[in-house]
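Architecture and fold: a report
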Amino acid sequence: MKSNKKELLNRLLEYQFACIELNLYLDNNPHDENALDSYNTYLRKFMQTKEAYECEYGPLTNFGYVPGSSPWQWVCNPWPWDNEFYN
């Protein structure tokens, strides 16, 4: 079942938020195994959702995460912040 663009972006933001918060918590509580398990779970979900989004709609960033190709191709679709969802 395909998710729509807005649903995938919302899910990405939720997983990213959880990862950032757990990362901050783990900075001060590095031996909390439950928090570490939660972090790894949300990180996996984030990476899977990011991959699903990029396969369907193109890269979320302009460098560093998507392999280059020859000849170089730039994104032809609008970036996520260029659509009505963020305006």
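In short, a report on the structure. Not measured: the values here are computed from a predicted model.

Digging into the overall build of the chain
- Counting its secondary structure elements, the chain contains two helices and zero strands.
- Expressed as a percentage of contacts within the chain between residues at least 6 apart in sequence, the contacts between residues at least 24 apart total 51%.
- Split by element, the accessible area of the chain, about 6800 Å² in all, is 54% carbon and sulfur.

Let's talk about the packing of aromatic side chains
- One pass over the structure, following the stated rule, counts two aromatic pairs.
- When the ring of Tyr15 is compared with that of Tyr42, the centres are 6.2 Å apart and the planes differ by 45 degrees; the resulting orientation is tilted. Residue Tyr15 is found in helix α1 (residues 5-28), and its partner Tyr42 is found in helix α2 (residues 33-57); the two are separated by 27 residues along the sequence.
- What makes Tyr42 partly exposed here is its relative accessible area of 31%.
- With 5.1 Å between their ring centres and 45 degrees between their planes, Tyr53 and Tyr57 make a pair best called tilted. With Tyr53 and Tyr57 both in helix α2 and four residues apart, the pair spans about one turn of that helix.
- When the ring centre of Tyr42 is taken as origin, the NZ or CZ atom of Lys45, which lies over that ring, is 5.5 Å away.

Structural notes on the pattern of salt bridges
- Under the defined criterion, the tally for this structure stands at one salt bridge.
- A salt bridge links Glu54 to Lys50, with the shortest nitrogen-to-oxygen separation between them at 3.3 Å. Of this pair, Glu54 and Lys50 both sit in helix α2, separated by four residues, roughly a single helical turn. Neither Glu54 nor Lys50 differs from the other in exposure class; each is buried.

Points about α1
- In a regular helix each residue adds 1.5 Å, so 24 residues correspond to 34 Å; α1 covers 35 Å between its end C-alpha atoms and thus fits that length.
- Within the sequence span of α1, burial applies to Leu8, Leu9, Leu12, Tyr15, Ala18, Cys19, Leu22 and Leu26.

Description of the packing of α1 against α2
- Running from N to C, α1 and α2 cross one another at 150 degrees; their axes reach a closest spacing of 9 Å. The angle between α1 and α2 falls in the class roughly antiparallel. In this structure, α1 crosses over α2, and the sense of that crossing is left-handed.
- Looking at the contact of α1 with α2 residue by residue, the classes come out as 18 nonpolar, four polar and four charged.

Reading the values: rules and limits
- Going along each chain's sequence as written, the residues are numbered from 1 onward.
- Local features in this predicted model are restricted to residues of pLDDT 70 or higher, and side-chain atom pairs are both shown and tallied only at a pLDDT of 80 or more, whereas totals for entire chains, interfaces and linings draw on every residue.
- Side-chain figures throughout are based on the complete set of non-hydrogen atoms in the structure, without hydrogens or water.
- A run of H or I in DSSP counts as a helix once it spans at least four residues, and a run of E counts as a strand once it spans at least two, with each numbered from the N terminus.
- The contact criterion used throughout is that any non-hydrogen atoms of two residues lie within 4.5 Å.
- For the accessible areas, the method is Shrake-Rupley and the probe is 1.4 Å, while residue cover comes only from the protein chains on display.
- To pair, rings of Phe, Tyr and Trp, with the six-membered ring standing in for Trp, must have centres within 6.5 Å; the planes then decide the type, stacked if under 30 degrees apart, edge-to-face if over 60, and tilted in the middle.
- Throughout, exposure labels follow a simple rule: accessible area from a 1.4 Å probe, protein chains only, divided by the maximum for the residue type, with under 20% read as buried, over 50% as exposed, and the rest as partly exposed.
- To sit over a ring, a charge needs its Lys NZ or Arg CZ within 6 Å of the ring centre and within 35 degrees of the ring normal.
- Salt bridge, as used here: a side-chain nitrogen of Lys or Arg that lies within 4 Å of a carboxyl oxygen of Asp or Glu.
- By definition here, a helix of n residues has an expected span of 1.5 Å times n minus one.
- Inter-axis angles, ranging from 0 to 180 degrees, are taken between N-to-C directions of lines fitted to C-alpha atoms, where helices are fitted over the stretch in contact.
- Between 65 and 115 degrees an angle is taken as roughly perpendicular, under 35 as roughly parallel, over 145 as roughly antiparallel, and anywhere else as oblique.
- Whether a crossing is left-handed or right-handed is set by the direction in which the near helix is turned from the far one by less than a right angle, anticlockwise for left-handed and clockwise for right-handed.
- Residue polarity is assigned by list, with Asp, Glu, Lys and Arg as charged and Ala, Val, Leu, Ile, Met, Phe, Trp, Tyr, Cys and Pro as nonpolar; anything else, Gly included, falls into the polar class.

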